[in-house]
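# Coordinate inspection notes
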Amino acid sequence: GAVLEQRLRDKGVSKVQRHAFLEDQETLEDQTNDVDAVVRGSVVLSLSRAIASAVEQVKPNEIIVATTGGLAAANAVIEELARLYAEANEATVKVLEVPDAAIANQIDRAVEEKFHPATGIRARWQALSLIQKGNLLAAWGAVSHLENQLGQDWTKVVRWLADFAASLPLANECDIEVLRHPKMAVRAALRVELALRAGDIPRAVHGTVAFYESALWDHLLERFERTGKKQRGLDVLRLKKGAKAPEGEKLLRNDATDEEDKRNCPFERLDDGTYLFFGNGAGRFAQRYVESKPLKKLVDAIGKVKHLRNDVAHNEPTPELMQKAREAMRDADLWSRDVPPQFLEQPLVQCVLKELGVEEPKLLCKKLLKTVRARLLLSPQPASDGRKEE
């Protein structure tokens, strides 16, 4: 250490800190203690304090780690601590290595460390573990640093899932069909199921009510088409050819002025024969219009819990409030009584989706996860000479 310090000063490096993490009769590990069997905790703490102090004093934009000799177990700790403190201080990290000069046919020279396959594999199983627990955004956070790394194209699958969870536009190359399912209720149901797996009750509450609204619109859009126009902030819809026109006492006349009528009316027919649909009463109208028993039952069930979405949106979702939400959703037969609760296992949810033409709705999430597992597992690669490996 002293020799290296002097060498650095001779090269013009004025600020040099030398830290001894083992002194006297200290050992790197303690085989009698499982926690300290590889590297003692006191050694890790000593290294951590030294690196933290150096970063705090220098405030670097880039940290270069050159653990080209010494103790391998300690070097691994040093590299990860450097990455930790670099991330905490918004700095980049470059790890150096010295290739075998005899093999490289050159003099010993430090070069940037090559990407280790184990790093990508470690990231794969960490991402997969998070995804299977419903933490799609966390999974992307865990692997996003590998996005542009050569040979790590699998990360795009995790990115698609995160964009789906956040309701962001999916990349054109995304070929996981269920993420682009034409029925909004399918996408809403998947988000609820994944939120429940992750224990995100506020998002699951919001998504459950969104599922009802999505199913309603899926039914309406089987019979109406969007015109691309808006009026009073609402989409203007046109009746599709051959579809039955809505009728009955709920039809709001263009000259209606009664506020109560406006609140209770699900739609308004405009002079050009197009329609505006309102939130209040629209669910019950839709189940009558399409003669849907499942949708009627869903409307009734949502009526018992719809207020919970306002609690999530406008109040602090406290643990007590979220426990009441769990109980209310279970009592309404919208969530199961499993731990964690399930959404797609509920008969009511399955009936609504089946009526929309979805096959095996209870398997939607399981099939998605099966597809993702297949994408994230390593598959055999062609041999270097072009022959396929058996």
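Conventions we followed
- Residues numbered from 1 in each chain as written.
- Predicted model: local features only at pLDDT ≥ 70, side-chain atom pairs only at ≥ 80, totals over all residues.
- Heavy atoms only, no water.
- Helix = DSSP H or I, 4+ residues; strand = E, 2+ residues; numbered from the N terminus.
- Buried < 20%, exposed > 50% of the residue type's maximum accessible area, 1.4 Å probe, protein only.
- Contact = heavy atoms within 4.5 Å.
- Areas by Shrake-Rupley, 256 points an atom, 1.4 Å probe, with all protein chains shown as cover.
- Pairing = 2+ DSSP bridges.
- Axes fitted to C-alpha atoms, helices over the stretch in contact; angles between N-to-C directions.
- Expected span 1.5 Å × (residues − 1).
- Polar contact = N/O pair within 3.5 Å; in protein donor to acceptor, adjacent residues only side chain to side chain.
- Salt bridge = Lys/Arg side-chain N within 4 Å of Asp/Glu carboxyl O.
- Patch = residues over 30% accessible without salt bridge, like charges linked within 9 Å, V, L, I, M, F, W, Y side chains within 5 Å.
- Phe/Tyr/Trp six-rings, centres within 6.5 Å; stacked < 30°, edge-to-face > 60°.
- Right-handed = clockwise from strand over helix to strand, strands pointing away.

Right, let's talk about the overall build of the protein chain for a bit. Scanning the protein chain from N- to C-terminus turns up 16 helices and seven strands. Within the protein chain, buried positions represent 37% of all 390 residues. A sequence separation of at least 24 residues applies to 52% of the contacts in the protein chain between residues at least 6 apart. In the structure as shown, the protein chain presents an accessible area of about 23,800 Å², 50% of it carried by carbon and sulfur atoms.

Let us now look at the sheet that holds strand β6 (residues 267-269). Within the open sheet, the four strands sit side by side as β4-β5-β7-β6. Their pairing is antiparallel. Of all the strands in the sheet, just β4 (224-231) and β6 have a single pairing partner and so form its edges. For this sheet the average axis-to-axis angle between neighbouring strands, irrespective of direction, equals 35 degrees. Examined bridge by bridge, strand β5 (residues 234-239) and strand β7 (residues 275-277) share two bridges and lie antiparallel to one another.

With that settled, consider the sheet that holds strand β2 (residues 92-97). Spatial strand order, β1-β2-β3: three strands in an open sheet with mixed pairing. Two strands in the sheet have a free side with no partner beyond their single neighbour: β1 (62-65) and β3 (111-112). Looking at chain direction, β1 and β2 are connected through four bridges and run parallel. Pairing of I63 across the sheet is with V93, part of β2. On top of the sheet, helix α3 (residues 72-88) reaches β1 and β2; it is set at about 160 degrees to β2, its chief contact.

When the terminal C-alpha atoms of helix α9 (residues 201-223) are compared, their 34 Å separation across 23 residues agrees well with the 33 Å that a helix rising 1.5 Å per residue should span. The backbone nitrogen of R203 lies 3.3 Å from a side-chain oxygen of the residue at the head of α9, namely D200.

In total, this model carries 23 salt bridges according to the counting rule given. We note a salt bridge from E79 to R83, for which the minimum N-O separation is 4.0 Å. In this pair, E79 and R83 are both assigned in helix α3, four residues apart and thus about one turn of the helix distant. Through salt bridges with shared partners, a single ionic network connects E5, R9 and R18.

All right, on to the environment of L234 then. You can see L234 is positioned in strand β5. Relative accessible area serves as the criterion here: at 23%, L234 is assigned to the partly exposed category. Along the chain, L234 and F277 lie 43 residues apart, while their C-alpha atoms are 7.2 Å from each other. Sequence-distant contacts of L234, defined by excluding residues within four places in its chain, comprise K229, L276, F277 and F278.

What follows covers a nonpolar patch on the surface. Taken together, the side chains of L4, L8 and V13 present a nonpolar region at the surface, about 240 Å² in accessible area. Tracing the chain through its elements places L8 in helix α1 (residues 2-10).

Take the packing of aromatic side chains next. Evaluation of the coordinates by the stated rule reveals six aromatic pairs. Both rings, one in W217 and one in F277, keep their centres 6.3 Å apart while their planes meet at 75 degrees; by these two values the pair is edge-to-face. One end of the pair, W217, is in helix α9; the other, F277, is in strand β7, and 60 residues separate them in sequence. Classification of F277 as buried rests on a relative accessible area of 4%. Centroid distance F224 to Y275: 5.5 Å. Interplanar angle 80 degrees. Geometry classified as edge-to-face. Taken as a pair, F224 in strand β4 and Y275 in strand β7 lie far apart in primary sequence, 51 residues in all. For the pair F224 and Y275, one class covers both residues: buried. Aromatic rings pair up to connect W217, F224, Y275, F277 and Y289 into one cluster.

What follows deals with the side chain of R309. On the secondary structure map, R309 appears in helix α13 (residues 307-314). Apart from the residues within four sequence positions on either side, R309 is in contact with V205, H206, V209, A210 and E213.

As a crossover connection, the stretch from β1 through α3 into β2 is right-handed. In this sheet, β3 lies alongside β2 in antiparallel orientation, the contact comprising two bridges. Bridge pairing links L96 to E112 in β3.

The next point concerns the environment of R203. Turning to its location among the elements, R203 is positioned in helix α9. For R203 and V192, which are 11 residues apart along the polypeptide, the C-alpha to C-alpha distance reads 7.3 Å. What R203 contacts, discounting residues up to four positions off in sequence, is A165, A166, R191 and A195.

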